[in-house]
Amino acid sequence: MSSDAELIGRSLRGDTDAFVEVISRHETALGNYLARRVGRQAAEDVLGDVWVAAYESRANYDLSYPEARPWLYGVALNRLRRHWRSAPAEDPASDLTGVASDWDPWPAVDARVDTQALLSRALARLKPEEREVLGLVAWEDLTVAEAGRVLGIPAGTARRLLHQARKALREAPEVVALLQVPTT
């Protein structure tokens, strides 16, 4: 099986199917990454932009790295930033028309929203670069060094940012309150 770098190299020499193989290897992971940040519908549009941008900039890919996933996450992050800058303010009320009338989701929704709100507040207190490193390592399953490549920072800096993020989350009042087990 060819590495991503070999496939990108072949695509630069005119083999258009080679880049399609790179896309098929990474589209699910990148789609999920984008969906967690902008929602499934918007993620589909952004993902299309990611593939166009990656294809157009593939000549800049460092072929010494056999795995293109960190590079693709970097392209995706740049496209996300462009999307966020151009997106209008979001409607806070979601579409609830698909909820069955005989099912009461509110107790579960309340608990989930409360937990999500607490974690969101704790994450919001992190520096943006700490949040990015944490997300790439925890949710995207990248190594710290790969997260550093995505963000264009040295691996040691990425390790420090991840350590700071974890420490800040452990000490965040929201997380401490969330993890406290009520005594009966």
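Fair warning: this is a prediction, and the values are worked out from it, not measured in the lab.

The rules behind these values
- Residues numbered from 1 in each chain as written.
- Predicted model: local features only at pLDDT ≥ 70, side-chain atom pairs only at ≥ 80, totals over all residues.
- Heavy atoms only, no water.
- Helix = DSSP H or I, 4+ residues; strand = E, 2+ residues; numbered from the N terminus.
- Buried < 20%, exposed > 50% of the residue type's maximum accessible area, 1.4 Å probe, protein only.
- Contact = heavy atoms within 4.5 Å.
- Phe/Tyr/Trp six-rings, centres within 6.5 Å; stacked < 30°, edge-to-face > 60°.
- Lys NZ or Arg CZ within 6 Å of the ring centre and 35° of its normal.
- pLDDT = per-residue confidence, 0-100.

Engineer: Talk me through the overall build of the chain; I want residue IDs and the actual numbers.
Structural biologist: Scanning the chain for helices and strands turns up nine helices and zero strands. Going from the N terminus to the C terminus, the chain shows its helices and strands as α-α-α-α-α-α-α-α-α. Counting only residues that meet the buried cut, the chain has 35% of its 184 residues in that class.

Engineer: I'd like a rundown of the environment of Leu123, residues and numbers included.
Structural biologist: Note on placement: Leu123 falls in helix α5 (residues 106-124). Spatially, the C-alpha atoms of Leu123 and Glu174 are 9.8 Å apart, while their sequence positions differ by 51 residues. Residues within four places of Leu123 in sequence aside, it is in contact with Arg131, Leu134, Trp139 and Leu169.

Engineer: Give a detailed account of the packing of aromatic side chains, specifying residues and quantitative values.
Structural biologist: With the rule as written, the count across this model stands at three aromatic pairs. Directly above the ring of Tyr55 sits Arg58, whose terminal nitrogen or CZ lies 3.8 Å from the centroid. In this structure, Arg149 packs its charged tip against the face of Tyr65, placed 3.5 Å from the ring centre.

Engineer: Could you give an account of the confidence of the model for the chain, with specific residues and numbers?
Structural biologist: Interpretation of the predicted coordinates at a detailed level should be avoided for regions scoring low in pLDDT. When pLDDT is averaged across the chain, the result is 84; 79% of the residues are at 70 or more. In the model of the chain, α5 stands out as the element of lowest mean pLDDT, 64, in contrast to helix α1 (residues 4-12), which has the highest, 96.

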